[in-house]
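# Notes for the structure review
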Amino acid sequence: AVLARGEYLVYGPAHCVECHSGSWDALEKLSEGVQVPLSGGLRLALGPLGAVYSKNLTPDTETGIGRYSDAQIARMMRWSVRPDGRASVDPMMPFGDMGEDDLVAIISYLRAQPPVRNVVPPNEWTLMGKVVKSFVGIAKPRTSINPPQTAPRGVTKERGEYLARYVT
């Protein structure tokens, strides 16, 4: 049940697959019902700031999340802090107040996937991108979170608000 919940979130409301699928071709396959690995490498252009590449979320120990602990992955999702201690871009990881049960389900599901070795290029920041990144608040760790132990269930207003604010 935990893995099924994780799969539902990863390929559904959490939208993990949309960036971490690795290519636009993979997303096309997803629309045809093919479940694609979350091997990363998708280039996301940021205009004059540069480009970022989505990371490999498979449990590969060299190029994916297999080299990180569950606590490090949870810290990234919750606090927007990478395993190396650097801040990530907060809006790309809006999971600070995701329910503890949903966080566990996502991490469990990712761990259960087959590892895919995929070396992802480093992000390409322009000088302007580096300056903006160092001064803008969205590139800082979160300072406050209030996640519930369990996510709201059922077809309710609370469930809809939870999905819109903390999972999407």
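Residues numbered from 1 in each chain as written. Predicted model: local features only at pLDDT ≥ 70, side-chain atom pairs only at ≥ 80, totals over all residues. Heavy atoms only, no water.

## Notes on the sheet that holds strand 2 (residues 50-53)
Ordered in space as 1-2-3, the three strands form an open sheet in which the pairing is antiparallel. The open sheet is flanked by strand 1 (43-45) and strand 3 (124-125), the only strands paired with a single partner. The sheet contact formed by strand 1 and strand 2 spans three bridges and is antiparallel. The residue bridging Leu 44 from the neighbouring strand is Val 52, located in strand 2. (Pairing = 2+ DSSP bridges. Helix = DSSP H or I, 4+ residues; strand = E, 2+ residues; numbered from the N terminus.)

## Regarding the state of the cysteines
Under the definition given, this model contains zero disulfides. Considering cysteine sulfurs only, Cys 19 is the nearest to Cys 16, which forms no disulfide, with 9.0 Å between them. (Disulfide = S-S within 2.5 Å.)

## Quick notes on the packing of helix 4 (residues 70-79) against helix 5 (residues 100-112)
It is the contact of helix 4 with helix 5, at a shortest axis distance of 11 Å, that shows an interaxial angle of 125 degrees. With respect to helix 5, the element helix 4 is oriented oblique. Note on packing geometry: the crossing formed by helix 4 with helix 5 is right-handed. Of helix 5, the residues touching helix 4 (which contributes Asp 70, Ile 73, Ala 74, Met 77 and Arg 78) are Glu 100, Leu 103, Ile 106, Ile 107 and Arg 111. Among the residues making up the contact of helix 4 with helix 5, the classes are represented as six nonpolar, no polar and four charged. (Axes fitted to C-alpha atoms, helices over the stretch in contact; angles between N-to-C directions. Parallel < 35°, antiparallel > 145°, perpendicular 65-115°, else oblique. Left-handed = near helix turned anticlockwise from the far one by under 90°. Contact = heavy atoms within 4.5 Å. Nonpolar A, V, L, I, M, F, W, Y, C, P; charged D, E, K, R; others polar.)

## Considering the packing of helix 1 (residues 2-11) against helix 5
At their nearest, the axes of helix 1 and helix 5 sit 7 Å apart, and the two run at 90 degrees to each other. Our classification of the angle between helix 1 and helix 5 gives roughly perpendicular. Counted together, Val 2, Leu 3, Arg 5, Gly 6, Glu 7, Leu 9, Val 10 and Tyr 11 of helix 1 and Asp 102, Val 104, Ala 105, Ile 106, Ser 108, Tyr 109, Leu 110 and Ala 112 of helix 5 form the full contact between these two elements. Considering only residue class, the contact of helix 1 with helix 5 consists of eleven nonpolar, two polar and three charged.

## Remarks on the environment of Gly 64
Along the polypeptide, Gly 64 turns up in the loop between strand 2 and helix 4. Along the backbone, Gly 64 and Met 98 are 34 residues apart, and their C-alpha atoms lie at a distance of 23 Å. Not counting chain neighbours up to four residues away, the residues in contact with Gly 64 comprise Asn 56 and Thr 58.

## Side note on helix 4
Considered for burial, the residues of helix 4 that qualify are Ile 73, Ala 74, Met 76, Met 77 and Arg 78. Where the residues of helix 4 are buried, they touch helix 5. At the exit of helix 4 stands Ser 80, carrying a positive phi of roughly 65 degrees. (Buried < 20%, exposed > 50% of the residue type's maximum accessible area, 1.4 Å probe, protein only.)

## Some details on the nonpolar core
Soluble, globular proteins show a tendency: their nonpolar side chains are buried together. Core analysis: the largest hydrophobic core is formed by 26 residues, its most contacted members being Val 10, Ala 14, Met 77, Met 98, Ile 106, Leu 110 and Val 167. Listing elements by their share of this core, those giving two or more residues are helix 1, helix 2 (16-20), helix 4, helix 5 and helix 7 (157-167). In terms of residue count, the dominant contributor to this core is helix 5 (five residues). Look past the residues within four positions of Met 77 in its chain and what remains in contact with it is Met 93, Phe 95, Gly 96, Met 98, Leu 103, Ile 106, Ile 107 and Arg 142. (Core = buried A, V, L, I, M, F, W, Y, C linked by side-chain atoms within 4.5 Å.)

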